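Summary of the model geometry
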Amino acid sequence: MQAVAFYLIYPILWIISRLPFPIVYLISDFFYFITYYIIGYRKKVIKKNLTTAFPDKSDKEITRLAKKSTQHFCDIFIEMIKSMGMSKKSMKKRFTCSNPEMVNAFAKAKQPIVALFGHQASYEWTMVLDDVIDYKVYAIYKPLKNKKFNDLIVGIRKKFNSEMVAMKEATSFMSKSAQSEAALFALVADQSPKSGNAQHFTNFFGVPSAVFKGAERIAREYSTPVVFLRINKVKRGYYETEFVTIAENGAETEDWFITDTFFQLLEEQIIKQPEYYLWSHKRWKSTIGSTKRAVELSPRVQR
């Protein structure tokens, strides 16, 4: 059945990927209307997350942000499809980086590096940065259950020569590669652990938030630099990025410094453009009291 669904839908996706952007965004507008007004996709989750992050905002403003966030979510989905038919030149024009030389300086020293970013603005088009940085890029991702669609998504993301590594294999893969090659490990690092299994909590928008610390452990163990990729949406279909150094040597940082700094930088970015964050995922689904494991708290939570 998964294969049948894929072969029925794929021709539609292929056609969309070859359409001009004005028509592509009309399709996105249609998806938005269905998603928000007809299906009401995760509307309660989105509004709850926004209210948690911005308790001082009025109900009217929360609703406005919920609509904008859902519209942006549809844009991201349609842009991912569109990337199937985009040239490298076209994508590089729409997704730019102001300071690739900062990361390339680490590459010249043949140091592996960890690059962290969040579900902000366009996390799908980051793959085009492979063309402007001097690293072999390994992107950590969570596989889809439908193998056919998963292979399609992986193919899209590998279009500009980055390699994909499944999340469950990430820690062991990074450990091996960090010792043998100058690689850049790209992680969307604001993923939340499964409810009840969280071990680590930092402070995110003033709320104890379950987080993964795998990237920090690798950076500290193998003395890798760590950078944050700040992504700003300029307008529909156009994004600007900038690398920000978190640590030049992970081994020289204190415990929690990398994780806490990442979430602080991400929070600052979201505050500037809250409508472009993926509020539909359950960021605060795990609480300290609900976890089944021993809990480690960041100093930011303890203060």
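In terms of strand pairing, strand E6 (residues 200–204) meets strand E7 (residues 207–211) through five bridges, oriented antiparallel. Bridge assignment links Thr 202 to a residue of E7, and that residue is Ser 209. Connecting E6 to the antiparallel partner E7 that follows it, the hairpin turn spans two residues, and Phe 205 within it adopts a positive phi of roughly 55°.

What follows concerns the pattern of salt bridges. Counted by the stated rule, this structure contains 12 salt bridges. The salt bridge partner of Arg 220 is Asp 255, with a shortest N-O separation of 3.3 Å. With Arg 220 in helix H9 (residues 214–221) and Asp 255 in the loop between strand E9 (238–247) and helix H10 (257–272), the pair connects residues that are 35 residues apart, well separated along the chain. The network of salt bridges with shared partners includes Asp 29, Asp 75, Lys 233 and Arg 236.

A sheet is described by the order of its strands in space; here seven strands give the open sequence E1-E9-E8-E2-E5-E3-E4, paired in mixed fashion. Both outer strands of the open sheet, strand E1 (95–97) and strand E4 (163–166), are each paired with one neighbouring strand and no more. The average undirected angle you get between the axes of adjacent strands in this sheet is 30°. One ladder, built from three bridges, connects strand E2 (residues 113–117) with strand E8 (residues 226–235); its direction is parallel. In the sheet register, Leu 116 faces E8, and the bridge partner there is Phe 228.

Here we come to the side chain of Ser 298. Here Ser 298 is to be found in the loop between strand E10 (296–297) and helix H11 (299–302). Ignoring any residue separated from it by four or fewer positions in sequence, one finds Ser 298 in contact with Phe 201, Thr 202, Trp 256 and Asp 260.

This brings us to the sheet that holds E10. Within a sheet, adjacent strands bond to each other through the backbone by hydrogen bonds, running parallel or antiparallel. What the three strands build is an open sheet, ordered E7-E6-E10; its pairing is mixed. Two strands in the sheet have a free side with no partner beyond their single neighbour: E7 and E10.

What counts as what
- Residues numbered from 1 in each chain as written.
- Predicted model: local features only at pLDDT ≥ 70, side-chain atom pairs only at ≥ 80, totals over all residues.
- Heavy atoms only, no water.
- Pairing = 2+ DSSP bridges.
- Helix = DSSP H or I, 4+ residues; strand = E, 2+ residues; numbered from the N terminus.
- Salt bridge = Lys/Arg side-chain N within 4 Å of Asp/Glu carboxyl O.
- Axes fitted to C-alpha atoms, helices over the stretch in contact; angles between N-to-C directions.
- Contact = heavy atoms within 4.5 Å.

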